[in-house]
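Coordinates in review
Here is how the chains run, residue by residue.
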Amino acid sequence: MAYDIYCAFDLEQHKQTYVQYLEVVILEDGTVEYAVPSHQEKLIALACQKKGVSRQELNDLCPREYYYDFLTWLCMQANAVAVWNNDCCYGLSINRKQIGTLRKLKMAGVYGGTIPKI
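Presented here is an overview of the structure given in this document. (Residues numbered from 1 in each chain as written. Predicted model: local features only at pLDDT ≥ 70, side-chain atom pairs only at ≥ 80, totals over all residues. Heavy atoms only, no water.)

Brief notes about the overall build of the protein
Quick note on the threshold: Each helix corresponds to a stretch of at least 4 residues labelled H or I by DSSP, and each strand to a stretch of at least 2 residues labelled E; elements are numbered beginning at the N terminus. C-alpha atoms define the radius of gyration, and 2.2 Å times the number of residues to the power 0.38 defines the globule rule. Only protein chains enter the area calculation, which uses a 1.4 Å probe; residues under 20% of their type maximum are buried, those over 50% are exposed, and those in between are partly exposed.
Check the secondary structure of the protein and you find five helices and four strands. Going residue by residue from the N terminus, the α and β elements of the protein occur as α-β-β-α-α-α-β-β-α. Relative to its length of 118 residues, the protein is compact, with a C-alpha radius of gyration of 14 Å against a globular reference of 13 Å. For the protein, the spread of C-alpha atoms along the three principal axes comes to 40 × 35 × 25 Å. For the protein, with 118 residues in total, the buried portion stands at 44%.

Written as structure tokens, this is what we have:
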């Protein structure tokens, strides 16, 4: 079977398969998963699962001040980091395992953004 974004993330296979493409989320434990079909949809699914709520219930929980920063709010709800080639988005905090994974992605040459400080 060919490696693609529907497979479990494997850094070496990712580097061999994709050039200048990184759309993933980093979970609380530092695990990387592809952001399929999008960062927002992946984070919604993770947050719903984590909180044991439906999509509508999750949407109803979003405070007005995050209506225009929904992705940040979703990162907070899922305790995850959204990552692109040169940037990342997270909630109010990021943990050491997530920072370690970002460093690993940067050292491998697939992430070109900054590494947040705790």
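Things to note about unusual backbone geometry
Negative phi is the rule for most residues except glycine; trans is the rule for most peptide bonds. Residue Pro-37 follows Val-36 across a cis peptide bond; omega there is 5°. Among the secondary structure elements, Pro-37 is positioned in the loop between strand S2 (32–34) and helix H2 (39–51). Despite not being glycine, Gln-20 shows a phi value in the positive range, around 55°. Inspection of the secondary structure assignment puts Gln-20 in the loop between helix H1 (11–17) and strand S1 (24–26).

A few points about the packing of H2 against helix H4 (residues 70–78)
Formally: Axis definition: a line fitted to C-alpha atoms, limited for helices to the stretch in contact. Angles are taken between N-to-C directions and run from 0 to 180 degrees. If you view the pair so one helix is near and one far, a crossing is left-handed when the near helix is turned anticlockwise from the far one by less than a right angle, and right-handed when it is turned clockwise. The contact definition used throughout considers only heavy atoms, calling two residues in contact when any of these lie within 4.5 Å. Each residue gets one of three labels, nonpolar for Ala, Val, Leu, Ile, Met, Phe, Trp, Tyr, Cys and Pro, charged for Asp, Glu, Lys and Arg, and polar for the others, Gly among them.
Two elements in contact, H2 and H4, have axes separated by 8 Å at closest approach and are oriented at 35°. Crossing of H2 over H4 shows left-handed handedness. Packed against H2, whose contacting residues are His-39, Gln-40, Leu-43, Ile-44, Leu-46, Ala-47, Lys-50 and Lys-51, the element H4 presents Phe-70, Leu-71, Leu-74, Cys-75, Gln-77 and Ala-78 at the interface. For the contact of H2 with H4, the residue count by class is nine nonpolar, three polar and two charged.

Some details on the nonpolar core
Put simply, the rule reads: For this analysis, a nonpolar core means a set of buried residues of the types Ala, Val, Leu, Ile, Met, Phe, Trp, Tyr and Cys, connected via side-chain atoms within 4.5 Å.
Ranked by size, the top nonpolar core spans 21 residues in total, and within it Leu-43, Leu-58, Trp-73 and Leu-74 carry the most contacts. Per-element tally for this core: the top contributor is H4, with seven residues. Excluding residues that lie within four positions of it along the chain, Trp-73 makes contacts with Leu-58, Leu-61, Cys-62, Pro-63 and Tyr-66. The next biggest cluster of nonpolar side chains, apart from the first, holds 19 residues, and it includes Leu-11, Leu-102, Leu-105 and Val-110.

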